[in-house]
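Spelled out from the first residue to the last, the chains are:
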Amino acid sequence: MPNARLKDYLHLHFLVFIAGFTAILGKEISAGATAIVWYRMAIAAVLMFIYIKLIKLNIRVSKKTIIQFSAAGVIIALHWITFFESIKQSNISIALAMFSSGAFFASFIEPIFFKRRILAYEIFFGLVVILGVFLITSSELNYLNGIVLGLLSALFSTLFAVINGRFIERYNATVISFYEFISGVIFLSLFIHFSGIHFNEEFFTLSKLDWVFIFILASVCTAYAFIGAVEVMRYISPFTVILTYNLEPVYGIILALFLFPETEKMSSQFYIGAVLIIVMVLLDALLKNSKAKRRKKLLANN
């Protein structure tokens with residue numbers, strides 16, 4: 001039905017908007033990056049467990065699989081910590097612009113995982129992304145720590161996406177996410193204990209507004225967003241979903257400029273660099289889709 005199709009596309013863009021809004025919440029919550037991620041994963045895990053019970057989903061997997069999910073859970077925890085710390089050390093625009101460089105890392109990581117050759121246009125796009133990062137870095141040297149953390153965040157995000165891409169071929173997305181969140185909480189709990197932060201009164205003393213923002217982050221921006229992204233793929237092609245999610249930095253930067261004009265207004269060189277990175281990401285997705293369509297057509301003709 002046409003109305004249902006429009007509804008699905010609107011739902012997809014709402015999910016991308018939520019993804020961009022995550023950065024806004026990270027800026028507004030006064031707690032440190034590690035605490036934010038611990039709360040996010042712990043609350044999201046509880047909410048997903050309730051959802052699993054409601055739909056009576058079987059979550060039994062082998063011990064080997066749990067270990068594999070756990071490794072991915074540690075990686076996504078590291079991604080979120082470096083992402084939120086990048087915001088704390090710089091601002092939303094820097095963190096999101098660096099996050100866009102994930103496509104550059106993917107062009108080298110994917111061939112290793114999927115045992116394929118590196119494509120010539122991926123190298124070209126990667127060089128343009130490096131140029132974009134250079135323009136941003138050279139114009140915003142006072143945010144160097146945030147830039148480095150943002151690049152690390154993009155690297156962890158790419159690793160997580162590639163690993164999850166292998167998992168999703170065999171396992172339910174909700175089951176994967178649930179085990180990843182649980183393992184992330186365990187990893188962060190150990191890190192907090194041994195790093196000297198500790199689960200003391202100060203750790204759990206947050207303002208009412210912080211609690212509200214953290215709950216929105218864990219429920220809407222994490223548990224709902226993870227499940228919603230899987231659900232929308234029932235009606236919209238994975239390519240369209242991935243391409244649309246590449247607009248997350250655009251939505252996030254526009255939101256940041258609107259909400260925090262004083263701290264988020266950057267130099268013209270920053271925006272040139274950011275546009276270069278985002279355009280390369282979109283072109284990469286379009287070329288990959290075009291090649292996939294041609295491959296399917298050739299297989300159909302044969």
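Quick note: structure is the one above.
## As for the overall build of the chain
Item 1. When its secondary structure is counted, the chain shows 14 helices and zero strands.
Item 2. In the chain, the order of α-helices and β-strands from amino to carboxyl end is α-α-α-α-α-α-α-α-α-α-α-α-α-α.
Item 3. Taken over the C-alpha trace, the chain has a radius of gyration of 19 Å; the compact-globule value for 302 residues is 19 Å, and the two agree within 12%.
Item 4. Here the C-alpha coordinates of the chain stretch approximately 65 × 50 × 40 Å along the principal axes.
Item 5. Looking at the chain residue by residue over its 302 residues, the buried ones come to 48%.
Item 6. Summed over all atoms, the accessible surface of the chain reaches about 15900 Å², with 69% contributed by carbon and sulfur.
Item 7. Across the chain, the mean location of the 25 positive side-chain charges is 15 Å away from that of the 16 negative side-chain charges.

## Some words on the side chain of Glu 264
Item 1. Looking at where Glu 264 falls in the secondary structure, it is placed in helix 13 (residues 261-264).
Item 2. Every residue in contact with Glu 264, bar those within four places of it in the chain, is listed here: Lys 27, Asn 91, Ile 92, Ser 93, Ala 256, Leu 257 and Tyr 271.

## Thoughts on unusual backbone geometry
Of all residues except glycine, most have a negative phi; of all peptide bonds, most are trans.
Item 1. Non-glycine residue Lys 56 carries a positive phi angle of around 55 degrees.
Item 2. Within the element layout of this structure, Lys 56 appears in the loop between helix 2 (33-55) and helix 3 (63-89).

## Examining the environment of Phe 213
Item 1. By the secondary structure assignment, Phe 213 is in helix 10 (residues 208-232).
Item 2. A relative accessible area of 16% means that Phe 213 is categorised as buried.
Item 3. C-alpha of Phe 213 to C-alpha of Leu 25: the two residues are 188 residues apart in sequence and 6.3 Å apart in space.
Item 4. The contacts of Phe 213, once residues within four sequence positions are left out, are Leu 25, Glu 28 and Ile 29.

## Regarding the packing of helix 3 against helix 4 (residues 92-99)
Item 1. Running from N to C, helix 3 and helix 4 cross one another at 140 degrees; their axes reach a closest spacing of 7 Å. As far as their axial angle goes, helix 4 and helix 3 are oblique. On the side of helix 3, the interface is formed by His 79, Phe 83, Ser 86 and Ile 87, while helix 4 contributes Ile 92, Ala 95, Leu 96 and Phe 99.
Item 2. Here the residues of the contact of helix 3 with helix 4 sort into six nonpolar, two polar and no charged.

## Some points on the side chain of Ser 86
Item 1. Looking at the secondary structure, you find Ser 86 in helix 3.
Item 2. Ignoring sequence-local partners within four residues, the contact set of Ser 86 consists of Asn 91, Ala 95, Gly 146, Leu 149 and Gly 150.

## A look at the pattern of salt bridges
Item 1. This model, assessed by the stated rule, comprises one salt bridge.
Item 2. Two residues, Lys 27 and Glu 264, come together in a salt bridge whose shortest N-O distance is 4.0 Å. Placement of Lys 27 in helix 1 (residues 2-28) and of Glu 264 in helix 13 is noted, with a sequence separation of 237 residues between them.
Item 3. Note on Lys 27: relative accessible area 26%, which makes it partly exposed.

Calculation criteria
Residues numbered from 1 in each chain as written. Predicted model: local features only at pLDDT ≥ 70, side-chain atom pairs only at ≥ 80, totals over all residues. Heavy atoms only, no water. Helix = DSSP H or I, 4+ residues; strand = E, 2+ residues; numbered from the N terminus. Rg over C-alpha atoms; globule rule 2.2 N^0.38 Å. Buried < 20%, exposed > 50% of the residue type's maximum accessible area, 1.4 Å probe, protein only. Areas by Shrake-Rupley, 256 points an atom, 1.4 Å probe, with all protein chains shown as cover. Lys, Arg positive; Asp, Glu negative; His and termini not counted. Charge placed at Lys NZ, Arg CZ, Asp CG, Glu CD. Contact = heavy atoms within 4.5 Å. Axes fitted to C-alpha atoms, helices over the stretch in contact; angles between N-to-C directions. Parallel < 35°, antiparallel > 145°, perpendicular 65-115°, else oblique. Nonpolar A, V, L, I, M, F, W, Y, C, P; charged D, E, K, R; others polar. Salt bridge = Lys/Arg side-chain N within 4 Å of Asp/Glu carboxyl O.

Nothing here speaks to function; it is all geometry.
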